[in-house]
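Residues per chain are reported as follows:
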Amino acid sequence: MRKQAVAFAALSALLLAGCTTTNPFTGESQISNTAGGALIGAGGGALGGALIGAAAGDARIGALIGAGVGALAGGAIGNYMDQQEAELRAQLQGTGVSVTRMGDNIVLNMPSNITFGVNQSDVQPQFQSTLTSVALVLQKYNQTLVDIIGHTDSTGSASYNLTLSQQRATSVARVLSQNGVNSQRFFVEGRGFSQPIATNDNEQGRSQNRRVEIQIIPLRTS
């Protein structure tokens, strides 16, 4: 099945309507350079940032650099992500959210049993404080992009699961935005049951596949 990628700006009432465009490099819908520039003014910084973002294949980079968020480079990247990882591990200890380091990226795995009710897409009240803790760290370490990806098990139709995974990812993004994280950093996508991490042949495996992942990626231009 073809991926259905939608930027958070197109899905949340928190964001400006009409702020997305099709990325010419990936074919995915993301925050447009024009909209990013409009949000921060029509100055040269916005234009320069947009050009950098286009060259790097991700329009968010242009919007953020144009807004004055500096990109990371060289050895600073590893140190920056090390510090962020340590703070996330401290904040999320005992919450059920796993923190995994993958090269320079950090992945937070949020199982659906602690985030959502069965067949529901609203974040459970008891998980709100956990997402607030994540938001505090993301605000502090703002030189990162934030990909929020929803996944399901294979129970039910592909279209139903794709929609549910998108709605759940969007709900997580909404809570982070409401807690002060700049939504220009977001890319939100539902992948349904296309990327399982365990078998769908038993409940234990299916429970692992029902998840939302937050991928934290250092902001750099190449």
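Okay, so let's go over this structure. All figures in this text were calculated on a predicted structure; none of them were measured in a lab. (Residues numbered from 1 in each chain as written. Predicted model: local features only at pLDDT ≥ 70, side-chain atom pairs only at ≥ 80, totals over all residues. Heavy atoms only, no water.)

**Points about the side chain of S165**
Relative to the helices and strands, S165 is located in helix α7 (residues 158–178). A distance of 2.9 Å separates a polar atom in the side chain of S165 from the backbone nitrogen of G192. The residues contacting S165, other than those within four sequence positions of it, are G150, H151, T152, G190, R191 and G192. (Helix = DSSP H or I, 4+ residues; strand = E, 2+ residues; numbered from the N terminus. Polar contact = N/O pair within 3.5 Å; in protein donor to acceptor, adjacent residues only side chain to side chain. Contact = heavy atoms within 4.5 Å.)

**Some details on unusual backbone geometry**
If you check the backbone angles, N119 has positive phi at about 60° while not being a glycine. Examined against the element boundaries, N119 turns out to sit in the loop between α5 (112–115) and α6 (125–140).

**Remarks on the nonpolar core**
Counting 33 residues, the largest nonpolar core has L108, I148, V172, L176 and I214 as its most contacted members. Those elements that place two or more of their residues in this core are α4 (75–92), β5 (105–111), α6, β6 (144–151), α7, β7 (186–190) and β8 (211–218). Non-local contacts of I214, meaning those with residues more than four positions away in its chain, are made with I106, V107, L108, M110, V134, V146, D147, I148, V172 and L176. Ranked by size, the runner-up nonpolar core spans six residues in total, among them I61, L64, L145 and L219. (Core = buried A, V, L, I, M, F, W, Y, C linked by side-chain atoms within 4.5 Å. Buried < 20%, exposed > 50% of the residue type's maximum accessible area, 1.4 Å probe, protein only.)

**Here's the deal with the packing of α4 against α6**
Each packed pair of helices is defined by two parameters, the angle between the axes and the distance between the axes. It is the contact of α4 with α6, at a shortest axis distance of 10 Å, that shows an interaxial angle of 160°. With respect to each other, α4 and α6 are oriented roughly antiparallel. Here α4 runs over α6; the crossing is right-handed. Here α4 contributes Y80, Q84, E87, L88, Q91 and L92 to the contact with α6, which in turn contributes T130, S133, V134, V137, L138 and K140. (Axes fitted to C-alpha atoms, helices over the stretch in contact; angles between N-to-C directions. Parallel < 35°, antiparallel > 145°, perpendicular 65-115°, else oblique. Left-handed = near helix turned anticlockwise from the far one by under 90°.)

**Some words on the packing of aromatic side chains**
The tally for this structure, following the rule as stated, stands at one aromatic pair. Arranged with centres 5.3 Å apart and planes meeting at 80°, the rings of Y80 and Y141 form a pair that is edge-to-face. With Y80 in helix α4 and Y141 in the loop between α6 and β6, this pair connects stretches of sequence that are 61 residues apart. Look at Y80 and you get buried, because its relative accessible area is 12%. (Phe/Tyr/Trp six-rings, centres within 6.5 Å; stacked < 30°, edge-to-face > 60°.)

Geometric values such as these leave the question of function open.
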